[in-house]
Amino acid sequence: MSQLKHLLSAGDLDREAAIGILDIAEEMADVNNRDIKKLPTLRGKTVVNLFFEDSTRTRISFELAEKRLSADVINFSAKGSSVSKGESLKDTAQTLEAMGADAVVIRHHASGAANVLAHSGWIQGSIINAGDGTHEHPTQALLDAFTIRRRIHGSGSNGKDLSGLKVAIVGDVLHSRVARSNLLLLNTLGAEVHLVAPPTLFPADASKWQAELHFNLDAALNDVKPDAVMMLRVQAERMNASYFPSEREYSRIWGMNADRLALLKPDTLIMHPGPMNRGLEITAAAADSKNSTVLEQVANGVSVRMAVLYQLLSGERANIDA
Ligand code: ASP
């Protein structure tokens, strides 16, 4: 596998690189099940979590992953820093460089921010995109793929891809970086992707995407019989217009609920990247059902992010059992 320096897009990974990360994540999951959940791999390396946008799962999960690999961790959030005094991304980045950051995990409200950081020359270290605007969230796609692979092929299914599996991604595709990264990675791993949304919540160029588009959820679930359904959060904070008549109507037509669960094959996975709007895109009956992988996705996020950091920063597979 060629050495990756940054992870900016799920499209940076070819099949071999993606499976390589999922396989390392299997080993990291074993480490996470041990009493002492720690590897010395990144001892002496400094990783900065640079968060310009709110986050719960992603930020905590990266921090835990970095600490389990023994990195020195700095958490920087825009609120409470000099960014709120108007400091630019460039000055912030150059400050981190002066402090010797080996890697920067960045979340930013602007699509493309991670690419700017990686190619600006302001920072020499690795850049990991932890969500940039409506653009991409590659580690989310990796943890989703890992969750699907483990549930369907079993843990320790090293080397396997997702060929032959059908995945439906449902809801606010327009504003979703999770949908964009998943679309790329699922295709790379051989899955068949179905996007299901009201016409107002599809991007203008969606017909060019490598996916089948559906405009009716019940019909799509009946026809496709997906192996996994990913429900997307309605991203109200990114909506500058009215995209559907009311929340009540959205939940009735586009929400995953007990009636829709009954349309699915008994073992279909119900996924959600979090945070969930319970009662809007997903009801408690679906979110808390035995088919739900929501909490597994969170747990798997730590293993997958350990694997990404390991892959970008250690370059070798020598120490994994240490
Ligand atoms: N947590 C995911 C993200 O940051 C999904 C979401 O916010 O809806 O994109």
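The text that follows walks through the structure, step by step, so that each part is easy to find. (Residues numbered from 1 in each chain as written. Predicted model: local features only at pLDDT ≥ 70, side-chain atom pairs only at ≥ 80, totals over all residues. Heavy atoms only, no water.)

### Observations concerning the pairing of strand E1 (residues 46-51)
So, point 1. Here E1 lies mainly inside the structure; 6 of its 6 residues are buried.
So, point 2. Going residue by residue along E1, you find Thr46, Val48 and Leu50 tucked away on one face and Val47, Asn49 and Phe51 tucked away on the opposite face as well.
So, point 3. Summarising the sheet, E1 and strand E2 (residues 72-77) pair through 6 bridges and their orientation is parallel. By the bridge assignment for E2, Phe51 is matched with Ser77.
So, point 4. In terms of handedness, the path from E1 via helix H2 (residues 57-68) over to E2 forms a crossover that is right-handed.
So, point 5. Where E1 and strand E3 (residues 103-108) come together, 5 bridges link them in parallel fashion. Directly across from Asn49, in E3, lies its bridge partner Val105. (Buried < 20%, exposed > 50% of the residue type's maximum accessible area, 1.4 Å probe, protein only. Helix = DSSP H or I, 4+ residues; strand = E, 2+ residues; numbered from the N terminus. Pairing = 2+ DSSP bridges. Right-handed = clockwise from strand over helix to strand, strands pointing away.)

### A look at the packing of H2 against helix H11 (residues 294-313)
The description of two packed helices rests on the angle between their axes and on the distance between the axes.
So, point 1. Following both chains from N to C, one finds H2 and H11 inclined at 50°, their axes separated by 8 Å at the closest point. The angle between the axes of H2 and H11 places the two elements in the oblique class. When you trace H2 past H11, the crossing you get is right-handed. The segment H2 lies against H11, with Arg57, Thr58, Ser61, Phe62, Leu64, Ala65, Glu66 and Arg68 engaging Val298, Gly301, Val302, Arg305, Met306 and Leu309. (Axes fitted to C-alpha atoms, helices over the stretch in contact; angles between N-to-C directions. Parallel < 35°, antiparallel > 145°, perpendicular 65-115°, else oblique. Left-handed = near helix turned anticlockwise from the far one by under 90°. Contact = heavy atoms within 4.5 Å.)

### Concerning the pattern of salt bridges
So, point 1. Inspection of every chain in the model, using the stated rule, returns 12 salt bridges.
So, point 2. With a shortest N-O distance of 2.7 Å, Glu296 and Arg151 are connected by a salt bridge. Of this pair, Glu296 sits in helix H11 while Arg151 is found in helix H5 (residues 138-153), placing the two residues 145 residues apart along the sequence.
So, point 3. What makes Glu296 partly exposed here is its relative accessible area of 30%.
So, point 4. According to the relative accessible area criterion, Arg151 is partly exposed, its value standing at 32%.
So, point 5. Residues Arg260 and Asp218 are paired through a salt bridge, measuring 2.7 Å at the closest nitrogen-oxygen approach. (Salt bridge = Lys/Arg side-chain N within 4 Å of Asp/Glu carboxyl O.)

### What about the sheet that holds strand E4 (residues 126-132)?
So, point 1. Taken in spatial order, the 4 strands line up as E2-E1-E3-E4 in an open sheet, and their pairing is parallel. Edge positions in the open sheet fall to E2 and E4, since each of these has one partner strand only. Pairwise comparison of adjacent strand axes, ignoring direction, gives a mean angle of 15° for this sheet.

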